[in-house]
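Take a look at the letters that make up each chain.
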Amino acid sequence: GQNIDQPTEMTATEGAIVQINCTYQTSGFNGLFWYQQHAGEAPTFLSYNVLDGLEEKGRFSSFLSRSKGYSYLLLKELQMKDSASYLCAGDSAGNMLTFGGGTRLMVKP
Amino acid sequence: DTGVSQDPRHKITKRGQNVTFRCDPISEHNRLYWYRQTLGQGPEFLTYFQNEAQLEKSRLLSDRFSAERPKGSFSTLEIQRTEQGDSAMYLCASSTTGGAGGNTIYFGEGSWLTVV
């Protein structure tokens, strides 16, 4: 099985940078997903890390360290629309995702 | 629109009634997943199919829950004798196997169930 931990809530200011951490303990770990979920909506895909290192996609970057069981999502130039929950999910055999509880990010003006 | 679609989007039912949700995955995706999500929590895995074969079921999936994917395309999730604890959003997702980005799992909008 898998155990995924991430902070429950974070607050940041518009225009700033925020890092959302995720630690995991897994068996049969393939990779790590990050999803964004606005209230009442479906999760939308942000990133998938298989190898160690940083992957950058515009304002969003995701980092993975397999040896440390650690990942983070970095959001730059925060916008009000980035207020959402960010879900970390470990991927095991068969693409069965195990999600953390999600981090609710509030962006303030 | 060629995303994952779910129906109905909202369902209110009385305790003890049966409900059925339908999911149409992205057309070329052979894997289909069902998850359940309650407020303030991350989605919890229920079951998944590869084509028409149901390959994994969570312990969360009690005997009252049954899922099918008879032709390897759309899927249904039925909950019999609903209980108030079944109130949640039921999310369907799909993916392909292999290929560039093949592991990316795409979610539908979800079906909200309220048991009163």
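Everything in this summary refers to the structure shown in the same document. Since the structure is predicted, the reported quantities are computational estimates derived from the model, not experimental observations.

Reading the values: the criteria
For every chain, the first residue of its written sequence is number 1, and the numbers climb from 1 along that sequence. Naming scheme: in the order in which they are written, chains are lettered from A and ligands are numbered from 1. Selection of residues for local features in this predicted model requires a pLDDT of at least 70, selection of side-chain atom pairs for listing and counting requires 80 or more, and totals for whole chains, interfaces and linings are taken over all residues. To get the side-chain values, all heavy atoms of the structure are used, and hydrogens and water are removed first. When accessible area is computed with a 1.4 Å probe and restricted to protein chains, residues below 20% of their type maximum are described as buried, those above 50% as exposed, and intermediate ones as partly exposed. Only DSSP runs of H or I reaching four residues or more are called helices, and only runs of E reaching two or more are called strands; each is numbered from the N terminus. For two strands to be treated as a pair, DSSP must find no fewer than two bridges joining them. Any N or O atom pair separated by 3.5 Å or less is treated as a polar contact, with the protein-specific requirement of one donor-capable and one acceptor-capable atom, and with residues adjacent in sequence counted only for side-chain atom pairs. Note on definitions: a residue-residue contact is assigned when non-hydrogen atoms from the two residues lie within 4.5 Å. To obtain each axis, a line is fitted to C-alpha atoms, and for helices this fit is confined to the stretch in contact; angles are then taken between N-to-C directions over 0 to 180 degrees. What makes a nonpolar core is a set of buried Ala, Val, Leu, Ile, Met, Phe, Trp, Tyr and Cys residues whose side-chain atoms join them at distances within 4.5 Å.

The subject of this paragraph is the pairing of strand 8 (residues 70-75) of chain A. All names here are of chain A. With respect to burial, strand 8 is a largely interior element, five of its six residues being buried. Pairing of strand 3 (residues 18-26) with strand 8 involves six bridges; the strand directions are antiparallel. Following the sheet pairing, Cys 22 is matched in strand 8 by Ser 71. Between strand 7 (residues 60-65) and the antiparallel strand that follows it, strand 8, lie four residues; Gly 69 among them carries a positive phi value of about 60°.

Moving on, we come to the side chain of A:Ser62. Residue and element names in this part refer to chain A. Its location among the elements puts Ser 62 in strand 7. At a separation of 2.6 Å, a polar atom in the side chain of Ser 62 contacts the side chain of Asn 49. Contact partners of Ser 62, with chain neighbours within four places excluded, come to Trp 34, Ser 47, Asn 49, Gly 53, Leu 54, Glu 55, Tyr 72 and Leu 73.

A few words now on the sheet that holds strand 1 (residues 5-7) of chain B. Residues and elements named next belong to chain B. A sheet is described by the order of its strands in space; here four strands give the open sequence 1-3-8-7, paired in antiparallel fashion. Edge positions in the sheet fall to strand 1 and strand 7 (65-68), since each of these pairs with one other strand and no more. When strand polarity is set aside, the average angle formed by the axes of neighbouring strands in this sheet is 15°. Pairing of strand 1 with strand 3 (residues 19-24) involves three bridges; the strand directions are antiparallel. Bridge assignment links Ser 5 to a residue of strand 3, and that residue is Asp 24.

Next up on the list: the nonpolar core. A:Leu32, A:Trp34, A:Leu75, A:Leu78, A:Tyr86 and A:Leu105 are the most contacted members of the largest nonpolar core, which totals 20 residues. The element best represented in this core is strand 3 of chain A, accounting for four residues. Filtering out sequence-adjacent residues up to four positions away, A:Leu78 remains in contact with A:Ala12, A:Thr13, A:Glu14, A:Gly15, A:Ala16, A:Val18, A:Arg59, A:Leu105 and A:Val107. Counting 19 residues, the second-largest nonpolar core is a separate cluster that includes B:Phe21, B:Cys23, B:Leu61 and B:Ile79.

Any functional reading would require information beyond the geometric quantities listed.
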